[in-house]
Amino acid sequence: MNNFKKINPEEITENTFKTIGKDWLLVTAEHNDRCNMMTASWGGLGIMWNKPVAFTFIRPQRYTFDMLENEECFSLCVLGEDYRKALMFCGTKSGRDFDKIKETGLTVQYYEGIPYFEEAKIVMICKKLYTQYLDKDGIIADGIAANYKPDGSDWHKMYISEITAVLKKD
């Protein structure tokens, strides 16, 4: 854990609206010895089933989606503004076509076998609890369906995951 200390999820003091919506997160998973990450700007943190949880939304076309589907755990990494270029790359390029770790120069570390990045300010280790696809039948507000293809092939899948550990940079 090098320069990290373990804290309780309740000790996260950062503004989650800014952290997720403006600063972005890296969703990081590994499957079959292949690690990949993608930038996420949709999601949230809260309490569900009396557990601290993260809400993550991933489109099925994303390379990271298959990794999340095949693994029980993943990490959410919060990086500083110095890593905006890496975050942009991870949000616009596919791990199918690029080795994102090599391209961004980020350093993979592991917490109990779950990959995360040494450059992160905060790392949330997450264990999936519940998944469900979003769909047009659940929409009650105008304009939301415009975010998706008319054939419904790109609706996000929601992951509700228990935050089992939080690592914060000293």
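Residues numbered from 1 in each chain as written. Predicted model: local features only at pLDDT ≥ 70, side-chain atom pairs only at ≥ 80, totals over all residues. Heavy atoms only, no water.

### A word on the side chain of Glu 162
- The residue Glu 162 is located in strand β10 (residues 157–169) in this model.
- Once residues within four sequence positions are removed from consideration, Glu 162 is found in contact with Lys 51, Pro 52, Val 53, Ile 125, Cys 126, Lys 127 and Leu 129. (Helix = DSSP H or I, 4+ residues; strand = E, 2+ residues; numbered from the N terminus. Contact = heavy atoms within 4.5 Å.)

### Notes on the nonpolar core
- Counting residues in each nonpolar core, the largest one holds 23 residues, and the members touching the most others are Val 27, Leu 76 and Met 124.
- Membership of the second largest hydrophobic core comes to 21 residues, among which are Cys 77, Leu 106, Ile 114 and Ile 125. (Core = buried A, V, L, I, M, F, W, Y, C linked by side-chain atoms within 4.5 Å. Buried < 20%, exposed > 50% of the residue type's maximum accessible area, 1.4 Å probe, protein only.)

### Section: the pairing of strand β8 (residues 114–117)
- In β8, alternate side chains face the same way, and those of Ile 114 and Tyr 116 on one face and Pro 115 and Phe 117 on the other are all buried.
- The pairing of strand β7 (residues 108–111) with β8 spans four bridges and is classified as antiparallel. What sits directly across from Val 108, in β8, is Phe 117.
- The antiparallel hairpin formed by β7 and β8 contains two residues in its connecting segment, where Glu 112 sits at a positive phi of about 50°. (Pairing = 2+ DSSP bridges.)

### So, helix α2 (residues 63–70)
- Every buried residue of α2 is accounted for by Tyr 63, Thr 64, Phe 65, Met 67 and Leu 68.
- Where α2 is buried, its residues touch β2 (25–31), β3 (34–40), β5 (51–58), β6 (73–78), β9 (122–133) and β10.

### Observations regarding the environment of Tyr 133
- Here Tyr 133 lies in strand β9.
- Taking C-alpha positions, Tyr 133 is 28 Å from Ile 122, a pair spaced eleven residues apart along the chain.
- When neighbours within four sequence positions are excluded, Tyr 133 is seen to be in contact with Pro 60, Phe 65, Trp 155, His 156 and Lys 157.

### Quick notes on the pairing of β3
- For β3, the tally of buried residues reaches six of seven residues, placing the bulk of the element in the interior.
- Relative to β3, β2 runs antiparallel, the two sharing seven bridges. Within the sheet, the bridge partner assigned to Ala 29 lies in β3 and is Asn 36.
- Here β2 folds back onto β3, and the loop between the two strands holds two residues, one of which, Asn 32, carries a positive phi near 50°.

### Points about the packing of aromatic side chains
- Tallying each qualifying case throughout the model produces five aromatic pairs.
- A centroid spacing of 5.5 Å and a plane angle of 90° characterise the contact between Phe 4 and Tyr 116, whose relative ring orientation is edge-to-face. Here Phe 4 is found in strand β1 (residues 4–7), whereas its partner Tyr 116 is found in strand β8, with 112 residues between them in sequence. As far as the burial class goes, Phe 4 and Tyr 116 line up, both buried. (Phe/Tyr/Trp six-rings, centres within 6.5 Å; stacked < 30°, edge-to-face > 60°.)

### So, the environment of Gly 46
- The residue Gly 46 is located in strand β4 (residues 43–48) in this model.
- Take Gly 46: its relative accessible area is 25%, and that puts it in the partly exposed class.
- Expressed as a C-alpha distance, the spacing of Gly 46 and Ile 163, which sit 117 residues apart in the sequence, is 9.7 Å.
- Those residues in contact with Gly 46 that sit more than four places away from it in its chain are Lys 51, Pro 52, Val 53 and Phe 55.

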